[in-house]
Amino acid sequence: MKKFTATFLALTMACGMLAGCGELPALPGEESQNSSQPAESSAAAAAPEGETEFDGVTVKVWGGDLLNNPEFETFWAENAGGMQYEVVQADDVKMMSMVASGTAPDVWILSAFSMGCMYAARGLYEPLDTYIENSDVFSMDNFADVAGLYRFDGKEVGQGATYGIVKDWSLDNQLFINKNVFNDCGIPIPDDKTTYSWDDVRGWAKQMVEFDEEGNQTRWGFASTNDLYQLITAQLGSIGKSLWSDDLRSANIDTPEVREAFEYWADMYRSGAAVSVLSSPADWGGDSFIEDKVGMLNLGYWFGNGTLALNENAKNHLDDYMLIQAPSLDTSKPANACLAGVGGSIWVGSQQKDAAFRFLELYLGGEWAERMAQRGYGNPAQLDLIPLLPQETAFQKQTFEANNYGIENMITLKTNPYVTSQGMSSTFSQYFNEVLYDRMTMDDAIAGMQEEFNIMIQEGLEICGVQ
């Protein structure tokens with residue numbers, strides 16, 4: 001991690017100097033050999049009737065969302081008016097090298113929660129406010145609150161200029177529950193509009209734990225694809241707290257709230273109530289959830305139509321599952337929050353920003369966004385498209401209503417643009433696993449994390465030129 005941080009620091013300082021002087025080299029016309037792998041996908045619009053000003057222009061895109069997507073390639077060919085796009089693959093370090101050399105892709109499709117303002121703070125994203133104001137596709141007034149993950153004013157995430165547009169997203173700390181497991185354990189089925197406490201969740205999860213005659217665990221109460229950094233960020237956000245000082249210049253790890261959160265997850269993992277490195281089914285929890293081996297999944301709306309409804313072992317009994325609100329440390333305050341949110345931004349060094357924004361309009365808005373909303377694999381970023389989410393079956397109606405209630409009671413979590421999400425997640429995992437395996441005390445782990453996070457922040461402040 002330290003090696004990665006040092007490399008990232010050096011490369012982003014280099015790209016920061018390039019961006020600051022305003023003399024970034026032009027993007028190469030054709031070659032993609034600067035990426036860590038050859039470009040995997042290229043879609044060319046056949047320029048049907050009505051060529052546009054971007055006829056023959058190729059927009060390069062970073063992000064795996066568009067790989068192996070023949071349906072979108074067909075849509076693109078019919079609607080892009082001769083413009084082309086090319087998908088470039090690269091890891092973070094290689095991308096920073098491309099930025100430094102002036103050859104980075106025009107559009108970046110990444111997680112808004114993890115990277116939306118991190119790259120904006122480093123001067124790598126073009127502000128989109130003027131583009132949006134002049135767009136026939138997007139309107140600021142029509143964006144859901146999740147758009148705040150792409151706003152940064154130099155001091156606070158959620159304020160200031162807009163640096164990206166979300167494609168699809170969910171309230172990732174909501175819970176899907178398996179009614180069969182609840183009924184088997186004699187636990188009343190939760191109400192889907194009530195905010196329950198994290199202690200409620202722990203109580204339910206512990207009741208669900210089962211072992212076979214040989215002592216092997218056969219059922220767990222809780223599983224999540226969110227890592228510990230995301231889980232604790234959401235917990236703290238539910239009571240208006242965060243891992244950061246108000247000015248984002250230091251970490252707040254050694255606090256009663258953070259300590260309680262660590263103790264909570266240590267208890268959940270050690271007791272087997274939650275899937276973890278100490279105790280886990282054959283998979284991360286998804287298939288086990290369908291097989292009644294996991295009672296709750298900490299996942300958002302996308303999981304219902306995007307996974308459960310497509311699974312051969314679940315699709316014929318979807319009413320066995322339901323979506324409920326995110327738990328909170330204060331049940332008087334809803335705590336539904338986005339912990340991912342894939343979206344698109346424009347690299348500040350792009351030599352064809354107008355074409356890049358047209359790409360965003362075609363991919364994130366208009367007819368394609370309507371199609372995606374109708375499938376319900378996630379929420380659209382545009383409020384007027386939310387009614388298009390599927391509502392035909394009882395399962396679809398229930399998940400739609402719980403999801404919509406959550407959107408109306410959404411909170412935006414405080415992130416720190418001066419640290420990398422990879423560094424945060426890695427450090428959380430490294431120290432917490434030491435505690436779980438009794439190789440380190442909780443006090444020592446908290447002190448170690450406090451020190452490492454503060455180092456990361458100081459490096460980030462230097463990269464961003466913040467005094």
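Values in this document were obtained by computation on a predicted structure and should not be read as measured data.

## Comments concerning the overall build of the protein
Working step 1: The helix and strand inventory of the protein stands at 16 helices and 14 strands.
Working step 2: Burial statistics for the protein: of 467 residues in total, 55% are counted as buried.
Working step 3: A separation of at least 24 residues holds for 78% of the contacts in the protein among residues at least 6 apart in sequence.
Working step 4: With the model as given, the accessible surface of the protein reaches about 18800 Å², and the carbon-plus-sulfur share is 45%.

## Some words on the packing of helix 8 (residues 228-237) against helix 9 (residues 256-270)
Working step 1: Two numbers describe how helix 8 lies on helix 9: the axes approach to 10 Å, and their chain directions differ by 130°. Between helix 8 and helix 9, the angle is such that the two are oblique. In this structure, helix 8 meets helix 9 at a crossing whose hand is right-handed. The residues of helix 9 that touch helix 8, namely those facing Leu228, Leu231, Ile232, Gln235 and Leu236, are Glu257, Val258, Ala261, Phe262, Tyr264, Trp265 and Tyr269.

## Description of unusual backbone geometry
Working step 1: Phi at aspartate 292 takes a positive value of approximately 65°, unusual for a residue other than glycine.
Working step 2: Tracing the backbone through its elements, the reader meets aspartate 292 in the loop between helix 10 (286-290) and strand 11 (294-298).
Working step 3: With a phi close to 60°, aspartate 438 is a non-glycine residue in the positive phi region.
Working step 4: Examined against the element boundaries, aspartate 438 turns out to sit in the loop between helix 15 (421-436) and helix 16 (442-463).
Working step 5: Exposure remark for aspartate 438: the relative accessible area of 63% places this residue in the exposed category.

## Regarding the sheet that holds strand 9 (residues 210-211)
Working step 1: Taken in spatial order, the five strands of this open sheet run 9-10-11-8-12, and their pairing is mixed. Each edge of the open sheet is held by one strand with a lone partner, namely strand 9 and strand 12 (321-324).
Working step 2: Of the strand pairs in this sheet, strand 8 (residues 175-178) and strand 11 are connected by two bridges, and their pairing is antiparallel. In the strand pairing of strand 11, phenylalanine 176 is matched with leucine 297.
Working step 3: Each of strand 8, strand 9, strand 10 (217-224), strand 11 and strand 12 is contacted by helix 7 (residues 198-208), which is oriented at about 160° to strand 10, the strand it contacts most.

## Digging into the environment of tryptophan 108
Working step 1: The residue tryptophan 108 is located in strand 4 (residues 107-111) in this model.
Working step 2: Every residue in contact with tryptophan 108, bar those within four places of it in the chain, is listed here: Trp62, Met95, Met96, Val99, Tyr119, Leu124, Tyr125, Gly343, Gly344, Ser345 and Trp347.
Working step 3: Only 3.1 Å separates the side chain of tryptophan 108 from the backbone oxygen of proline 105, close enough to count as a polar contact.

## Observations regarding the nonpolar core
Working step 1: Membership of the largest hydrophobic core comes to 116 residues, with the highest contact counts inside it found for Trp108, Tyr119, Leu243, Phe262, Trp265, Leu308 and Phe428.
Working step 2: The contact partners of phenylalanine 428, leaving out residues within four places of it in the chain, are Leu228, Tyr229, Ile232, Leu243, Phe262, Met449 and Phe453.

## Some thoughts on the packing of helix 2 (residues 70-79) against helix 13 (residues 366-375)
Working step 1: Viewed as axis vectors pointing N to C, helix 2 and helix 13 meet at an angle of 150°, and their least axial separation amounts to 11 Å. It follows that helix 2 is roughly antiparallel to helix 13 by the angle criterion. Both helix 2 and helix 13 take part in a crossing whose hand is right-handed. In this structure, helix 2 uses Glu71, Phe72, Phe75 and Asn79 to contact helix 13, whose residues at the interface are Glu367, Trp368, Arg371 and Arg375.

## Quick look at the pairing of strand 4
Working step 1: Most of strand 4 sits inside the fold, with five of its five residues counted as buried.
Working step 2: When strand 2 (residues 58-62) meets strand 4, the two strands line up parallel, connected through two bridges. Residue pairing in the sheet places valine 61 in a bridge with valine 107 of strand 4.
Working step 3: Looking at chain direction, strand 4 and strand 13 (residues 342-346) are connected through five bridges and run antiparallel. Within strand 13, the position partnered with valine 107 by the bridge is isoleucine 346.

## Structural notes on the side chain of glutamine 235
Working step 1: Considering the arrangement of structural elements, one finds glutamine 235 in helix 8.
Working step 2: Taking relative accessible area as the criterion, glutamine 235 reaches 2% and is therefore assigned buried.
Working step 3: If we ignore the near neighbours within four places in the chain, the residues touching glutamine 235 are Trp198, Ala261, Tyr264, Trp265 and Leu329.

## Describing the pairing of strand 8
Working step 1: The side-chain alternation of strand 8 yields two buried faces, one formed by Leu175 and Ile177 and the other by Phe176 and Asn178.
Working step 2: Direction of pairing for strand 8 relative to strand 12: antiparallel, over a ladder of four bridges. Each bridged residue has a counterpart across the sheet, and for leucine 175 the counterpart in strand 12 is isoleucine 324.

## Quick word on a negative patch on the surface
Working step 1: Among the surface-exposed residues, Asp153, Glu156, Asp246 and Asp247 lie close enough to one another that they form a single negatively charged patch.
Working step 2: Tracing the backbone through its elements, the reader meets glutamate 156 in the loop between strand 5 (151-152) and strand 6 (161-162).
Working step 3: Looking at glutamate 156, the relative accessible area reads 42%, which means it is partly exposed.

## What about the environment of glycine 221?
Working step 1: Tracing the sequence through the fold places glycine 221 in strand 10.
Working step 2: Given a relative accessible area of 0%, glycine 221 falls into the buried group.
Working step 3: Residues glycine 221 and glycine 203, 18 residues apart in the sequence, show an inter-C-alpha distance of 9.3 Å.
Working step 4: Excluding anything up to four places from it in sequence, glycine 221 contacts Ala205, Met208, Ala273, Val294, Gly295 and Met296.

## Here's the deal with the packing of aromatic side chains
Working step 1: One pass over the structure, following the stated rule, counts 37 aromatic pairs.
Working step 2: Aromatic side chains phenylalanine 72 and tryptophan 76 sit 5.9 Å apart centroid to centroid with 45° between the ring planes, which places their arrangement in the tilted category. Of the two residues, phenylalanine 72 and tryptophan 76 both sit in helix 2, four residues apart, roughly one turn of that helix. Taken as a pair, phenylalanine 72 and tryptophan 76 share a single burial class, namely buried.
Working step 3: A ring pair is formed by tryptophan 302 and phenylalanine 303, whose centres lie 5.7 Å apart and whose planes are at 90°; its orientation type is edge-to-face.

About the criteria used
Residues numbered from 1 in each chain as written. Predicted model: local features only at pLDDT ≥ 70, side-chain atom pairs only at ≥ 80, totals over all residues. Heavy atoms only, no water. Helix = DSSP H or I, 4+ residues; strand = E, 2+ residues; numbered from the N terminus. Buried < 20%, exposed > 50% of the residue type's maximum accessible area, 1.4 Å probe, protein only. Contact = heavy atoms within 4.5 Å. Areas by Shrake-Rupley, 256 points an atom, 1.4 Å probe, with all protein chains shown as cover. Axes fitted to C-alpha atoms, helices over the stretch in contact; angles between N-to-C directions. Parallel < 35°, antiparallel > 145°, perpendicular 65-115°, else oblique. Left-handed = near helix turned anticlockwise from the far one by under 90°. Pairing = 2+ DSSP bridges. Polar contact = N/O pair within 3.5 Å; in protein donor to acceptor, adjacent residues only side chain to side chain. Core = buried A, V, L, I, M, F, W, Y, C linked by side-chain atoms within 4.5 Å. Patch = residues over 30% accessible without salt bridge, like charges linked within 9 Å, V, L, I, M, F, W, Y side chains within 5 Å. Salt bridge = Lys/Arg side-chain N within 4 Å of Asp/Glu carboxyl O. Lys, Arg positive; Asp, Glu negative; His and termini not counted. Charge placed at Lys NZ, Arg CZ, Asp CG, Glu CD. Phe/Tyr/Trp six-rings, centres within 6.5 Å; stacked < 30°, edge-to-face > 60°.

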